[in-house]
Amino acid sequence: MNALQPSRSPLQPIPKRRVVPRPKRHLRQRSYKVLALETTAKIGVNVLISAVAISALVKLLPFHQSQQEKLREIRTEVKLMEERVSKLQAEFSRNFNPSQAKAIMQEQSHRLAPNQHPIVLIKQETAEIKQAESSN
């Protein structure tokens, strides 16, 4: 039971490697130049995209205005047609109303029912002239 255990050597610290300092100045200057070049390229690309977008908007603005004018004209025509349609619908319902049939026939044929007499209105001056002529 008492087995022999391997002997352990006392713990020795691991030797640390010595870090050799690198020349950081050169790397920093180089990274700043790369960063400046990258930022300049990004700004240039963004300016170019903005210029293209603005020129496209300038070209589309007159087209948009002409389309709005056409839309206004069409809306005006639609209003006129809606008024005309409602008028025609009212006339249609009146024409096919059985209770209005006699009145419509009289309007269109200028004939009167047998129990009606035409009334003709004359101006006062013409009536006086006719009386003067008949008295002579």
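Residues numbered from 1 in each chain as written. Predicted model: local features only at pLDDT ≥ 70, side-chain atom pairs only at ≥ 80, totals over all residues. Heavy atoms only, no water.

Attention now moves to the overall build of the protein chain. Counting its regular elements, the protein chain contains 3 helices and 0 strands. Sequence-ordered secondary structure for the protein chain, helices as α and strands as β, is α-α-α. Across the 136 residues of the protein chain, 1% fall into the buried class. Here the protein chain displays about 14700 Å² of accessible surface, and carbon together with sulfur accounts for 61% of that area. (Helix = DSSP H or I, 4+ residues; strand = E, 2+ residues; numbered from the N terminus. Buried < 20%, exposed > 50% of the residue type's maximum accessible area, 1.4 Å probe, protein only. Areas by Shrake-Rupley, 256 points an atom, 1.4 Å probe, with all protein chains shown as cover.)

By the definition in use, this model includes 1 aromatic pair. On the basis of an interplanar angle of 45° and a centroid distance of 4.7 Å, the ring pair of Phe92 and Phe96 is categorised as tilted. With respect to burial, Phe92 and Phe96 carry one shared label: exposed. (Phe/Tyr/Trp six-rings, centres within 6.5 Å; stacked < 30°, edge-to-face > 60°.)

Tallied over the full model, the rule gives 2 salt bridges. Here Lys42 and Glu38 are joined by a salt bridge, their closest N and O atoms 3.5 Å apart. Placement of both Lys42 and Glu38 in helix 1 (residues 24-95) is noted, with a separation of 4 residues, approximately one turn of the helix. The partly exposed category is assigned to Glu38, whose relative accessible area is 39%. Ionic pairing is found between Arg72 and Glu69, a salt bridge with its closest N-O pair at 2.7 Å. Of this pair, Arg72 and Glu69 both sit in helix 1, 3 residues apart, which is roughly one turn of the helix. A residue is classified by how much of its surface remains accessible, and Arg72, at 47% relative accessible area, is partly exposed. (Salt bridge = Lys/Arg side-chain N within 4 Å of Asp/Glu carboxyl O.)

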